[in-house]
Each structure stands twice: as structure tokens, then as C-alpha cells.
Amino acid sequence: MVLVVNLNGVRGIAIQPYITEKDRLELVASLPPSSRFACIDLAPSTEMCALIDQLIAAGHRLACFADHHLNQVQVEKENAEGLRQRFGEAIRLVDRIAAPSCAHLITRDEWRKSGVSVVLFHADNDGFLGFLKACGAWYLGLEDDADISERSSNGISRLSRVGRLLVESLNTIPYFSMDPEGHLREKQRVYQTIADWVASGCQASDTIHQLKYEVSAACYVAKLAAYQLADEAIELPGRVVLSDLRPAAHSGIKVSLPTWRYEVLRRHGNVLLCVIGIGHMGEQVYVELPRDWWGKIDLRVHLPDGVSGRLRTRVQVPLDKWEAFLARWREVFSALDFPLNRS
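Here the residue index of a chain counts from 1 through its sequence in written order. Local features in this predicted model are restricted to residues of pLDDT 70 or higher, and side-chain atom pairs are both shown and tallied only at a pLDDT of 80 or more, whereas totals for entire chains, interfaces and linings draw on every residue. Only hydrogens and water are set aside when side-chain values are computed; all heavy atoms of the structure are taken into account.

Helices and strands together make up the secondary structure of the chain, namely 12 helices and 11 strands. A globule of 343 residues ought to have a C-alpha radius of gyration of about 20 Å, and the chain, at 20 Å, matches this closely. Dimensions of the chain, computed from C-alpha atoms along their principal axes, come out at roughly 55 × 50 × 35 Å. For the chain, the residues scored as buried account for 52% of the 343 residues in total. Should any heavy atoms of two residues lie within 4.5 Å, those residues are considered in contact. The contacts in the chain between residues at least 6 apart in sequence include a share of 69% that link residues at least 24 apart. Using a 1.4 Å probe, accessible areas were evaluated by the Shrake-Rupley method; residue-level cover was limited to the displayed protein chains. Roughly 15,900 Å² of accessible area belongs to the chain as shown, and the carbon and sulfur atoms make up 52% of that amount. Counting from the N terminus, the helices are the DSSP runs of H or I reaching at least four residues and the strands are the DSSP runs of E reaching at least two. It is over C-alpha atoms that the radius of gyration is taken, and the globule rule equals 2.2 Å times the number of residues to the power 0.38. Remark: exposure states derive from per-residue accessible area (1.4 Å probe, protein chains only) relative to the maximum for the residue type, with buried under 20%, exposed over 50%, and partly exposed in between.

Here it is as C-alpha cells:
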């Protein structure tokens, strides 16, 4: 399923920079002929470069590629240079120092002015808000919301009313790992509802009232469940905290994982955040680094044989290989020489 948001004559397609070959082919086939397209908040991964090649080969034209992840992966730095040589000024690839969020790399109503009809954006808050801004659907505080979303998962109190509704709405939809189609369907509804609301000047409507009501009720229940999950979390050797999401999942209870994450870090300090869950690939342990450890640890190094991951900061480990992961983690972690902040 391709997640699509339509706004002011522009088709926005939310994707990940590590898009699969199957999804690339589906996306290319879904576009009208000779579309002028832009990409925002998508790292220049090998997969993204392949997608751009496929789009160009199908007769589409690249108008803009704006992203701020340039300081992370060497192959992406090399890809960025290749894109600059091919497309010149259309390429706006910088690091996070130059642009704390991608909302700073585009201008208001840019897509209409440059004749863009299709925008590929990262399926997160920064990518979505950048898409809105360049569609002309801007509100006071949009850039701040994008910056806060990029810097911290615990900054909801500093968000605008739009940013808060966006974050809380996405925190209440089904987990992707447990219900991919339901997750994408609900995420598309949230994106479209908020896009239409912002485009209207944030005027009241039955649709936005309904979303706010649903989110308020769901957030209350999900946060209570998160506190209980944090209460039951166990700390293991090697600065690991583990919670079991399976009982809540079997009961149909949605847990606010951002709230759980905040509570665990508040109580335990910086630890490896681990949750046992049930996904479309069976029982998995979802493992995530605290932000203070980003750039210092690559979780893929600790994966047991037969398990792979794309991201440095988040991996999934089959439950039957969890002990092997833990053993490797403790061995390598004990040799790390950066300070462990427990506060």
C-alpha cells in the first residue's frame, strides 16, 4: 500500500529511504506520465538513488531533492555527490547542523511555483510538515514543530496545537510491525485530515473534531498502559531494560511507546530500550538506542548470525535469538569507553 496525501493539486507519497524494489515498482507505476517530482527528508540511500533512476527512466523529471542526513553514512555522502553532478542545483543535501529539520530547506508554496505535481517525503513528522509547507499549507510554528520532532521524542509540551495533534494521533494508530496495512491506512487518514485542516487555516470542522475526540480518548488509555508497562520493566546486565508488550497486544490495548520510553529513561537513565512484541514476522524484540548513544553505537554490530538490520539505532531481533543478541551486546558494550549518563 502506497501512503498518499493529496493537497492543493500535489500528490504526496510517504515512503522510507530504504524503500524495497517491490514498493519502488508500485510507486513508479502509480504516477501520471511525465510528472515533475520532488523528494524531501529522504536520505540519499542506494535504494533512493535506484528509485530516482527508475523515475527518470519512466519519463519523470526531478525538480528538487532536499535532505539533512548527510553526516551519517559514507555511501550516502558518495551518492549525494553523484546526484549533485547529475542534477546540479536541484540537489539540496546538507547535514543536521545546516538544517535541524528539512522544513528549513524548502520555501512556502514551492511546489506550485516550480510545477511539482508529485512529492516523495519521509513518512515522519519532519517530512510531512515540509510537504505541507511547500504545498502552501503553512502555520505559525511549523518549522519549530519539525525541529522539535527531529531533536527529541519527549518534546510534545513545546509543540504547537497542530504539532501536538499530529504526534498524539500517530501515537494511537496500530503498530506497523503488528498490523502493517492498518497502520498505513490510519496514518494516511491522520495525514490527510491534518493536511486539510492546515490548508483551511486551521478552521474547525466535524472531521477535525472527530479526530481530536478519538485521539484524546485513545491517548488517555495508551498512557496509562505505558506507565504500567514501565512499572513492570526489568533491568538486565549491560544497561538493558526489557518490557513485554505481548499481554497488552493480546488484549487489544494500545500502549503509548513514547510515554513508555520517557518513563524508562527517567527511571533508569540511558539504557538500551527493548520491547517484546508480536509482529507479522512472529515474536520479536524491538531494540532501540537512547538518543545520547546515537553515533556512538551501531546496533547492527551486535546482531546474531542470520539477523540483519538497516538502521544503526533500531533493530528487530527474533525472540528465539534474543539471548544470542544479549550475549554479544554485553561483550561489546563492556568495552565501550564513552560516559554512561544515568540521569
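A word on the sheet that holds strand 3 (residues 36-40). Spatial strand order, 1-2-6-3-4-5: six strands in an open sheet with mixed pairing. Bordering the open sheet on either side are strand 1 (3-7) and strand 5 (91-93), each of which pairs with just one other strand. Strand-to-strand twist in this sheet, taken as the mean axis angle between neighbours without regard to direction, amounts to 20°. In this structure, strand 4 (residues 61-67) lies alongside strand 5, joined through three bridges in parallel fashion. Bridging from a neighbouring strand, F65 pairs with I91 of strand 5. Each pair of strands is called paired provided DSSP finds at least two bridges between the two strands. What counts as an axis is a line fitted to C-alpha atoms, over the stretch in contact for a helix, and the angles between N-to-C directions run from 0 to 180 degrees.

On to the nonpolar core, then. The biggest cluster of nonpolar side chains holds 47 residues, and the ones touching the most others in it are W111, F131 and L132. Sorting elements by how many residues they give to this core places helix 8 (residues 180-199) first, with seven residues. Leave out the neighbours within four places in its chain, and W111 touches V10, A38, C64, I106, V116, V119, F131, A134 and C135. Counting residues in hydrophobic clusters, the runner-up holds 23 residues, among them L27, M48, F65 and V118. For this analysis, a nonpolar core means a set of buried residues of the types Ala, Val, Leu, Ile, Met, Phe, Trp, Tyr and Cys, connected via side-chain atoms within 4.5 Å.

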